[in-house]
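A closer look at the structure
Residues per chain are reported as follows:
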Amino acid sequence: MTTTALSAPRERRRDPRRHYPMWFYLPAAAVYGVLFIVPTVASLYFAFTRWNLSGAEFIGFENFALFFREPYLFQGLVNTLIYGALTSGLKVVLGLLLGVFLTSQIIARGYLRSVVFFPVLVSTVGIGVTFAVLMDPSDGLINRALAVIGVDGPGWLTDPNLALVSVALVDVWKGVGLATLIYIAGIVAIPQEYFEAAKVDGASSCQNLRFVILPLLWPATSTVIVLSLIGGLRSFDLIWTMTQGGPGFTSDVVASVIFKQYQAGFWGLSSAGNVVLFLLVSAVMVPLYWLMGRKEVER
Amino acid sequence: MKRTKGVASGLIAIVLSAVVFLVPFAFIVLTASKTRGEAALREFSLPSEWAIWENFLAVVQARDYMLLAAFVNSTILTVASIVLMVVLAAMVGYVMQRRPNRWTPLANALVLAGLIIPPAVVPTIWVLQGLGLFRTLPGLVLIEVAYGLSFCVLLFRAFVATIPREVDEAAVIDGAGPVRLFFQVILPLLRSVIWTVVIVQAVAVFNDFQNPLYFLPGDDHATVQLTLYNFRSQYTTQWNLLFMDILLITVPPLIMYAFFNRQIVAGLTSGAVKG
């Protein structure tokens, strides 16, 4: 009897409905709903229309068929996958190596960490314009430096086979600092006992990396892969400022195709591009999440 | 033995890092301080005649002080969108953590969707036009808020979990209503994560190029990233001015880094350890 009398007001105080009102969701939900959810849902309709200044006309799967039929659109699809895989793969490998190196006993560690990281914060447009100048085939700094050691540098951004890779390399240059930072945080969090145990067992530094650091760093690795894939598949800024998809359309990605079709007034096709990009990102990310979840359990 | 190895590999790394990471920036600074004729050679060399101040004035005064106007626009955009983002995302993260109910899974799914789904551009313009917000600064502010919310909500929700519920209860006993409880008790306790959100998003919004390009085209309200993009076609023969422009636009984030590198590191690596 007494217990109920005591607990009743306490229950009321703890009642979440009183102190955590649902309307706290409202302002965010309004902005997010109107400017993100509504356009995303609308794109699912507009992707099936021929949409321009004169209005939207339903044409079924025609836009999607175009995406797979027209080389200048399909190339963008292939390039997006290449770009995403290349940047995220390189960021994992280089980020891990740099992370291990920058947590070891070396001089000037703080300086090196800052230097590797600071391009992350710099304007992508600024970096794009700068590297477009540095990668100039005849009087760019990179090819001049190569000429000094007797190498005939390629046309980084003018060679159709190389332009996409060159942009991807600049992307890695700019983004590897973030991957490194994530790996450093992961390595620092590994308890010292693991390394001591490995030392007692006589592990070499290679074995240390392969059998101690790498498995324990799985959360960091999955973060790097997810972040760089999401960024890489949607990447636009760097490609647009460095090559605008050129030469021809050899370095176009879906994001730049979307912009080009929008500028040309083919809004339906542009929206279809958005849906294609969405499906592409989901097709890559969903299996990845599933795979990562499994890996987590195995560990 | 170990010590000398550390020194040797450190020295090699310093040289390598200088070549790979510092030379491009040195190139920006050097070209920005050259005269027009010398900059046109695009060599990596010290300028024979330092013209850094003249170039600075020329870039600032170009096209009727457009760069200054752009800095004002970018500042308004960055400050306004971050204030909104912090308040709205903190409210959501707080209620999501404190009051799990049948709506929470939906909210979770929407947060994840915001992180993964690429925004649909043309339909967004269509919506903005319907609201009369296309080509306006407030429109772009709301866009940045909408796209940034997911990341902020994740951080806030994780941080609210570390604040004991006893704090809430004490405030309630003292007679605080839900609004006061949040704004006067909880929000001040979120200070450290708010700094993280502010800095990470400030860099992201200030450096954003794609959204201004789509949603705020034209010279009227150009942001600094857009002016740089426009300057490029205008200054194809004046490399010194182009690189001075790059230099000026690069500086603000680097200043932030110098002052707040601890918060930046904390923000960007959150979740990396726990997964």
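The rules behind each value
Residues numbered from 1 in each chain as written. Chains lettered and ligands numbered in written order. Predicted model: local features only at pLDDT ≥ 70, side-chain atom pairs only at ≥ 80, totals over all residues. Heavy atoms only, no water. UniProt positions renumbered as here; feature names shortened; annotations may be inferred. Helix = DSSP H or I, 4+ residues; strand = E, 2+ residues; numbered from the N terminus. Core = buried A, V, L, I, M, F, W, Y, C linked by side-chain atoms within 4.5 Å. Buried < 20%, exposed > 50% of the residue type's maximum accessible area, 1.4 Å probe, protein only. Contact = heavy atoms within 4.5 Å. Buried area = accessible area lost by both parts, 1.4 Å probe. Salt bridge = Lys/Arg side-chain N within 4 Å of Asp/Glu carboxyl O. Nonpolar A, V, L, I, M, F, W, Y, C, P; charged D, E, K, R; others polar.

**Examining the UniProt feature "transmembrane region" (unreviewed entry) in chain A**
All names here are of chain A. The UniProt record annotates "transmembrane region" (unreviewed entry) at residues 22-48, 81-103, 115-135, 172-190, 211-233 and 266-291. Each end of residues 22-48 is marked by a C-alpha atom, and these two atoms are 37 Å apart; helix forms 78% of the span and strand 0%. Between the end C-alpha atoms of residues 266-291 there is a gap of 38 Å, over a span that is 96% helix and 0% strand.

**Regarding the nonpolar core**
Residue and element names in this part refer to chain B. The biggest cluster of nonpolar side chains holds 179 residues, and the ones touching the most others in it are Tyr-94, Phe-156, Leu-190 and Phe-215. Among the elements that take part in this core, helix 3 (residues 52-98) stands out by supplying 17 residues, more than any other. Apart from the residues within four sequence positions on either side, Phe-156 is in contact with Val-86, Ala-89, Ala-90, Gly-93, Leu-190, Val-193, Ile-194 and Val-197.

**So, the interface of chain A and chain B**
Accessible area lost upon the coming together of the parts is a frequently used measure of interface size. On the side of chain B, 98 residues touch chain A, which itself brings 87 residues to the contact. Around 8300 Å² of area is buried between chain A and chain B when both sides are counted, 75% of it from carbon and sulfur atoms. Taken together, the links from chain A to chain B amount to two salt bridges. Ionic pairing is found between B:Arg42 and A:Asp139, a salt bridge with its closest N-O pair at 3.2 Å. In terms of residue count, helix 3 (residues 26-46) of chain A provides more of the side of chain A that touches chain B than any other element does, 14 residues in total. Considering only residue class, the side of chain A that touches chain B consists of 62 nonpolar, 15 polar and ten charged.

**Some points on the UniProt feature "transmembrane region" (unreviewed entry) in chain B**
Residues and elements named next belong to chain B. Sequence positions flagged by UniProt for "transmembrane region" (unreviewed entry) are, in local numbering, residues 7-32, 65-94, 106-128, 140-160, 181-206 and 239-260. Secondary structure content for residues 7-32 is 100% helix and 0% strand, and the end C-alpha separation is 35 Å. From the first C-alpha to the last, residues 239-260 spans 32 Å; its make-up is 100% helix and 0% strand.

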